[in-house]
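Okay, here's what each chain looks like letter by letter:
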Amino acid sequence: MSGNVIARFLARRLAAAVLVLLVVSVVVFLLIHLAPGGPEQAAGGEFATPQQLANIRASLGLDDPLAEQYWRFLSNAVGLDFGSSIATREPVLDAIGRGLQVTAPLVLVSFLLICTIGTALGTLTAHRAGGSLDRATVGLALVGASAPAFVTALILLTVFGVQLHWLPVFGTGEGFAERARHLVLPIATLTIAGTAAMLQITRTRVKEVLGEDHVTFARARGLSSRYIVGRSVLRNAGIQIVTRSGTIVVGLVSWGLLVETTFGLDGVGQLLVKAINARDIPVIQGVTLVIAAFIVTVNLVVDLLYFALDPRVRVHAEARA
Amino acid sequence: MTIFNEPRVNRRQALAVGGAFTLSGLLAACGGGSSGQASDAGPATAVAGGSGKQIDALSISVPQLGDLLHTTRAVGPILGITLLGMEPLVLYQPDGSLAPNLAESWEQPSLTRYVFKLRRGVRFWDGSPLTPADVVASFDVHVGRSTESASASYWTSVERVSARGDEIVVELAAPDPAFIYTVARTGIFSAAFARRRGDKLGSPSVLNLGTGPYRFTAFTPLSRVRLERNDGYWGRAPPIGRIDAQVLNQDTLLLGVQSGEVDAAFALPVSQLKSFTSLPDFALQNVPDAAVYKFNMVVDRAPWDDVHLRRAFAHAVDREAIARGVLNGADPATTLEPPTTFDGALPRSEVDEAYAELAQLMPAYDLDKARQELAQSRYPDGIKTEVLVMASDPNLSAITQTAAQGAAEIGIKIDVREVDENTYINAVYLRHTTDGLSIDNFGAGGPDLLNIPDLTLNSRNIPPTGFTNVANYESAAVDELLARASRLRVDDARRAQLALDVLRRAGEDLPYVPVAFPKVYLGVKREYAYAGFNAFWWLNRWPDQIVAQD
């Protein structure tokens, strides 16, 4: 029965997700066409002659009615065909794939680090709330969070790249080892920027839960501290932590864009920025849809985690069903 | 990044050892205009003193790279990379001369006909032989109405390209004295490879195929090109094993130089020069750029059709302050091209005299005179206007802000608005839809002394037939002077006089207010030496100019 409930819930959410993606695609499509300058320049180069530009517009179908152009895009996109970049001739999916080889490890590893470090420190400081360890940790995390990402990046680059020569200051690197070396500082930057948020929510919630009656009873029954934190405290704090995780991972995508620029990484963010500058419509549409799909998926996963974490949500959903 | 090129909108530029020679040796090279030079030797690029030992790898920063690794998308500094892989028939040398390259000789039997004799035994990296058909195909991509080449404006005079035995014949519809420079900026690619790859040619997974001293091994659009030595190169052995060329933003570039990851940087940003000069292991050199920062006033519509308004504004621009303060010691400009353009074509004293006269024509910074001119205009109470700038060249904004202060004192109120490159290029160049006043950095696309005058003043370059005449300036007299110059051979001394005449007319009619001639900066690690840096470094085979110091 509860499987049935989840399936129905999923179906509803998927329908909503498709709707969101449709709206995003329409808005992006209209915005591109509203912006001055057209993609024919991307194809013809900055200084193409007026005649060339007209030819290119015609060959790309840019003079067709907007609805027709949108329909063409949508019908292809359904089959995951976003076409080829007008400027670079590369299939959009190939370009996104190449960018993801940088952006995916950047965002995912940072996220894992933020979750691990944030919850660990949050739990620890909640237990020592008010102590010097608590104050020092929270203070440091806040400094990390309030420094703009590019400032953190520049400090890391200056220390580890310029002064110590341990790590490269720009570029993407080839091969696994080189790529990993090039990603250390960008990942550190994102982790520093994001950890405070995770630490803070974990600390606050864990502290609250620690003061609740069921924890006091558990202690009174002589249960081990580890058991209490693992089974009781973190599980109760979980909903808020998972919710915050969702916003953090979405935030990482946009911070990642900034960090890619600072570190000269050719990730998805850079791809999007260049495409916007060139009015490269297929790439802009492809990348924005992929990002939107990612965000929608993250939200969906967060919702599903609620089911897993909190029996009350399941019961509530069943009652409504 | 910067837009560049023909109308290079940017900050770069250069000169060379001692001064100006952009043009100098050119005449020698083409001596006799119809010069046919035969040479068995490969390109004879001058190499600086030094050990000449091989360099394993060189990491460089360049101002711009193309979105496609192809000759149709290579203009300005992009050529500095593409020409290493897809080399030209003739090679532009640091001293301004032209040397045989894939063409072992060439001749110009008439004003409208060029014949190139193709070097034998040259092979592409994949082992296939270079044929005249490859050259014809490599030229034809820039010709015709349907071409997508960003260099198309250089090829409009070309009527037909054909192969005749091992010769390539180019017939022009009208004389184009600078055509030989067009050949020097045009890389040759494999026609067969291009056919096989269709419209994916030049994309990251396909790259491109040439005969050059370096072969392409990786490409990220607009960001990075990696080249490796072509061991089977027909000419002088390439001195560098691997070249990593990348476009870096200003902060990253500085960090890269500080950490030692960048060995050489072309066209360093002027706004950050101080940071670079303080680095002990990095040496800077600069040369005058073949470019000009100028204000453009659209003269065929209100309000800038009023010459008194134009003169009022010109009087309100403090060129000295801008050149010194904003552009870090550039030369103030009183005409559209720097005097160094005339080196080799006219004696220095004559050039100086002519430029002194041009300076007299240009309204000097004088707010009282500016007010008087404004009072005589149709806008005695002044006007309000907007000037577009783009972030990729911070000088545009800085210059405009400085000029706006002077203009505000007499009642011309200028709002500076930053837009993205696409918007800027559209409004300023392609569609001429600004409020009427705009600013740009216009760079010569080639070393010919009529390059800038023709692009900016010929009525043919007003939309729809062109776009670089940003002021929509139309003068039958100027058109006639330019037409006369085009009927002379490139080394004819009368062309220099005609160019000066054209510049005088522009000074009188004032469609543009030239502001400053920028310099172009090169930074190189002290363990290397770079000889013969010049404004057209991107037409040179520059790796041959770098040597590792002992």
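Numbers given for residues are sequential positions, taken from 1 along each chain in its written order. Going through the entries in the order they are written, you letter the chains from A and number the ligands from 1. In keeping with the predicted nature of the model, local features appear solely for residues at pLDDT of at least 70, side-chain atom pairs appear and are counted solely at 80 or more, and the whole-chain, interface and lining totals rest on all residues. Hydrogens and water molecules were not included; the side-chain quantities draw on all heavy atoms of the structure.

(A) Here's a closer look at the overall build of chain A. Strands here mean DSSP runs of E at least two residues long; helices mean DSSP runs of H or I at least four residues long; both are numbered from the N terminus. Looking only at helices and strands, chain A has 13 helices and zero strands in total. The N-to-C order of helical and strand elements in chain A reads α-α-α-α-α-α-α-α-α-α-α-α-α. When its C-alpha atoms are laid out on the principal axes, chain A stretches across 85 × 60 × 35 Å. Taking all 321 residues of chain A together, the buried fraction comes to 46%. The buried label goes to any residue with under 20% of its type's maximum accessible area, the exposed label to any with over 50%, and the partly exposed label to all in between, with areas taken from a 1.4 Å probe on protein chains only.

(B) Representation of the UniProt feature "transmembrane region" (unreviewed entry) in chain A. Residues and elements named next belong to chain A. UniProt positions are given in the numbering used here, feature names are shortened, and annotations may be inferred rather than shown by experiment. According to UniProt, the positions carrying the feature "transmembrane region" (unreviewed entry) are residues 14–35, 106–126, 138–163, 183–201, 241–263 and 283–309. Helix makes up 95% of residues 14–35 and strand 0%, with an end-to-end C-alpha separation of 32 Å. A distance of 27 Å separates the end C-alpha atoms of residues 183–201, which is 100% helix and 0% strand.

(C) Quick peek at the interface of chain A and chain B. The interface of chain A with chain B comprises 44 residues on the first partner and 50 residues on the second. Summing the contributions of chain A and of chain B, the shared interface buries around 3800 Å²; its carbon and sulfur component is 54%. Whenever a carboxyl oxygen of Asp or Glu lies within 4 Å of a side-chain nitrogen of Lys or Arg, that contact is scored as a salt bridge. Counting across the interface, chain A meets chain B through four salt bridges. Of the charged contacts, one joins A:R279 and B:D420 as a salt bridge, the two residues approaching to 3.3 Å between their closest N and O atoms. Identification of polar contacts relies on pairs of N or O atoms within 3.5 Å, with a donor-acceptor requirement for protein atoms, meaning one able to donate a hydrogen and the other able to accept it, and with residues adjacent in sequence counted only if both atoms are side-chain atoms. Connecting chain A to chain B are 15 residue pairs in polar contact (both at pLDDT 80 or more). Counting only elements with at least two residues in the side of chain A that touches chain B, the list comes to α2 (40–44), α3 (50–59), α7 (149–163), α10 (225–262) and α11 (268–278) of chain A. Top contributing element to the side of chain A that touches chain B by residue count: α3(A), with six residues. We call two residues contacting when some pair of their heavy atoms lies within 4.5 Å. Put simply, buried area is how much 1.4 Å-probe accessible surface two parts lose in total, over both of them, once they are put together.

(D) Structural context of the layout of surface pockets. Considered as a void within the structure, the second largest pocket measures approximately 1200 Å³ in volume. Cavities and pockets were defined on a 1 Å grid built from protein atoms only: a cavity is a group of points that admits a 1.4 Å probe but offers it no way out, a pocket is an open group of points flanked by protein on both sides within 12 Å along at least five of seven lines, and a lining residue is one with an atom within 4 Å of any such point. Contributing to the lining of the second largest pocket are 48 residues, with B:S153, B:Y154, B:T156, B:S157 and B:R460 lying nearest its centre. At the level of elements, α3 of chain A together with β6 (158–164), α4 (179–184), α14 (451–457) and α15 (476–486) of chain B are the ones that each hand at least two residues to the lining of the second largest pocket. Here the element with the most residues in the lining of the second largest pocket is α15(B); it accounts for five residues. Grid points are joined across faces, edges and corners, and a volume is the space filled by probe spheres set on the points.

(E) Examining a nonpolar patch on the surface more closely. Residues enter patches when they are more than 30% accessible in relative terms and free of salt bridges; like-charged ones are connected within 9 Å and nonpolar ones (Val, Leu, Ile, Met, Phe, Trp, Tyr) within 5 Å. Computed with the Shrake-Rupley method and a 1.4 Å probe, the accessible areas treat only the protein chains shown as cover for residues. On the surface, a cluster of nonpolar side chains totalling about 660 Å² of accessible area is made up of A:V18, A:L19, A:L22, A:V23, A:V27, A:L31 and A:L34. On the accessibility criterion, A:V27 (41% relative accessible area) is partly exposed.

(F) Highlighting the domain arrangement of chain B. Residue and element names in this part refer to chain B. The domain limits used here are those given by an automatic or database domain assignment. On domain assignment, one finds that chain B holds domain 1 (31–285 + 520–548) and domain 2 (291–517). Relative placement of domain 1 and domain 2: their C-alpha centres are 30 Å apart. With both chains or domains summed, domain 1 and domain 2 bury close to 1500 Å², and 60% of this area falls on carbon and sulfur atoms. For the interface between domain 1 and domain 2, the tally reads zero salt bridges. For the interface between domain 1 and domain 2, the tally reads three residue pairs in polar contact (both at pLDDT 80 or more). Looking at the side of domain 1 that touches domain 2 element by element, the count peaks at three residues for strand β4 (residues 103–110). All amino acids are sorted into three groups, where Ala, Val, Leu, Ile, Met, Phe, Trp, Tyr, Cys and Pro are nonpolar, Asp, Glu, Lys and Arg are charged, and the leftover types, Gly among them, are polar. Taken together, the residues of the side of domain 1 that touches domain 2 sort by class into 14 nonpolar, eight polar and two charged.

(G) The UniProt feature "domain: ABC transmembrane type-1" (unreviewed entry) in chain A, seen in detail. If you check UniProt for "domain: ABC transmembrane type-1" (unreviewed entry), the listed places come out as residues 100–306 of chain A in our numbering. When the span residues 100–306 of chain A is considered, its composition is 86% helix and 0% strand, and the gap between its end C-alpha atoms is 28 Å.

(H) Representation of the sheet that holds strand β5 (residues 113–118) of chain B within the structure. All names here are of chain B. On the basis of which strands lie adjacent, the open sheet formed by four strands has the order β4-β5-β7-β6 and antiparallel pairing. The strands lining the two open edges of the sheet, one partner per strand, are β4 and β6. If you compare each strand with its neighbour and ignore which way they point, the axes differ by 15° on average. Sheet topology places β6 next to strand β7 (residues 167–172); six bridges connect them, and they run antiparallel. By the bridge assignment, R164 is partnered in β7 with E167. A fitted line through C-alpha atoms represents every axis, and for helices the fit uses only the stretch in contact; the resulting angles, taken between N-to-C directions, go from 0 to 180 degrees. On the sheet, helix α3 (residues 132–140) packs against β5, β6 and β7 and is oriented at approximately 170° with respect to β6. Two strands pair if DSSP finds at least two bridges between them.

(I) Representation of the side chain of B:T147 within the structure. Residue and element names in this part refer to chain B. Within the element layout of this structure, T147 appears in the loop between α3 and β6. Residue classification places T147 among the buried positions, given a relative accessible area of 7%. Polar side-chain contacts of T147 include one of 2.4 Å to the backbone oxygen of V141.

(J) View of the sheet that holds strand β14 (residues 331–332) of chain B. Residues and elements named next belong to chain B. In spatial order, the strands read β14-β18-β13-β17; together these four strands make up an open sheet with antiparallel pairing. Two strands lie at the open edges of the sheet, namely β14 and β17 (437–443), each paired on one side alone. As defined by bridge partners, strand β13 (residues 291–297) adjoins strand β18 (residues 512–517) across four bridges and the pair is classed as antiparallel. Within the sheet, the bridge partner assigned to N296 lies in β18 and is Y512. Across the sheet, helix α9 (residues 319–326) touches β14 and β18, and the angle it forms with β18 is around 35°.

(K) Focus on the packing of helix α11 (residues 367–376) of chain B against helix α12 (residues 394–410) of chain B. Residue and element names in this part refer to chain B. Two elements in contact, α11 and α12, have axes separated by 9 Å at closest approach and are oriented at 55°. When the interaxial angle is binned, α11 and α12 end up oblique. Helix-helix and strand crossings are classified by hand; for α11 and α12 the assignment is right-handed. Contact residues: L367, A370, R371 and L374 in α11; G406, E409 and I410 in α12. Here the residues of the contact of α11 with α12 sort into four nonpolar, one polar and two charged. Here roughly perpendicular refers to angles of 65 to 115 degrees, roughly parallel to angles under 35, roughly antiparallel to angles over 145, and oblique to all remaining angles. Here is the rule for handedness: rotate from the far helix to the near one, and if that takes an anticlockwise turn smaller than a right angle the crossing is left-handed, while a clockwise turn gives right-handed.

(L) Structural view of the UniProt feature "domain: Solute-binding protein family" (unreviewed entry) in chain B. The positions that UniProt labels "domain: Solute-binding protein family" (unreviewed entry) are, in the present scheme, residues 98–453 of chain B. Summarising residues 98–453 of chain B: 30% helix, 26% strand, and an end-to-end C-alpha distance of 23 Å.

(M) View of the domain arrangement of chain A. Each domain of chain A was delimited in the assignment, giving domain 1 (3–78) and domain 2 (92–278). Taking only C-alpha atoms, the centre of domain 1 of chain A and the centre of domain 2 of chain A are 33 Å apart.

(N) Geometry of the pairing of β18(B). Residue and element names in this part refer to chain B. Across the six residues of β18, six count as buried, placing the element largely inside the fold. As paired strands, β14 and β18 are joined by two bridges and run antiparallel to one another. Looking at the pairing, P332 lines up with A516 of β18.

(O) Representation of the nonpolar core within the structure. Residues enter a nonpolar core if they are buried and are Ala, Val, Leu, Ile, Met, Phe, Trp, Tyr or Cys, with the set joined through side-chain atoms within 4.5 Å. Of all hydrophobic cores here, the largest spans 163 residues; its most connected members are B:L89, B:F116, B:F313 and B:W542. Residue contributions to this core peak at seven residues, all from helix α16 (residues 493–509) of chain B. Excluding residues within four positions of it along the chain, B:W542 makes contact with B:L58, B:I60, B:G80, B:I81, B:L84, B:I243, B:F266, B:Y530 and B:W537. Ranked by size, the runner-up nonpolar core spans 55 residues in total, among them A:I187, A:M198, A:L265 and B:L279.

(P) Spotlight on the packing of aromatic side chains. Residue and element names in this part refer to chain B. We call Phe, Tyr and Trp rings a pair once their centres come within 6.5 Å, taking the six-membered ring for Trp, and we label the pair stacked below 30 degrees between planes, edge-to-face above 60, and tilted otherwise. All chains considered together, the criterion is met by 22 aromatic pairs over all chains. Ring plane angle 90° and centroid distance 5.5 Å describe the contact between W125 and F216, whose orientation is recorded as edge-to-face. In this pair, W125 sits in the loop between β5 and α3 while F216 sits in strand β8 (residues 214–220), placing the two residues 91 residues apart along the sequence. Of the two residues examined, W125 and F216, each falls in the buried class. Between the aromatic rings of F266 and W537, the centroid separation amounts to 4.0 Å while the plane-to-plane angle is 10°, which identifies the pairing as stacked. Taken together, the residues F266 in strand β11 (residues 264–266) and W537 in the loop between β20 (528–530) and β21 (546–548) connect sequence positions 271 residues apart. Comparing F266 with W537, the two get one shared label, buried. The residue whose ring lies beneath R185 is Y154, and the NZ or CZ to ring-centre distance is 4.0 Å. A ring has a charge above it when a Lys NZ or an Arg CZ is no more than 6 Å from the ring centre and no more than 35 degrees off the ring normal.

(Q) Representation of the environment of A:L100. All names here are of chain A. Examined against the element boundaries, L100 turns out to sit in helix α5 (residues 92–127). With relative accessibility at 36%, the residue L100 sits in the partly exposed group. For the pair L100 and P65, spaced 35 residues apart in sequence, the C-alpha separation works out to 33 Å. Leave out the neighbours within four places in its chain, and L100 touches P105 and V268.

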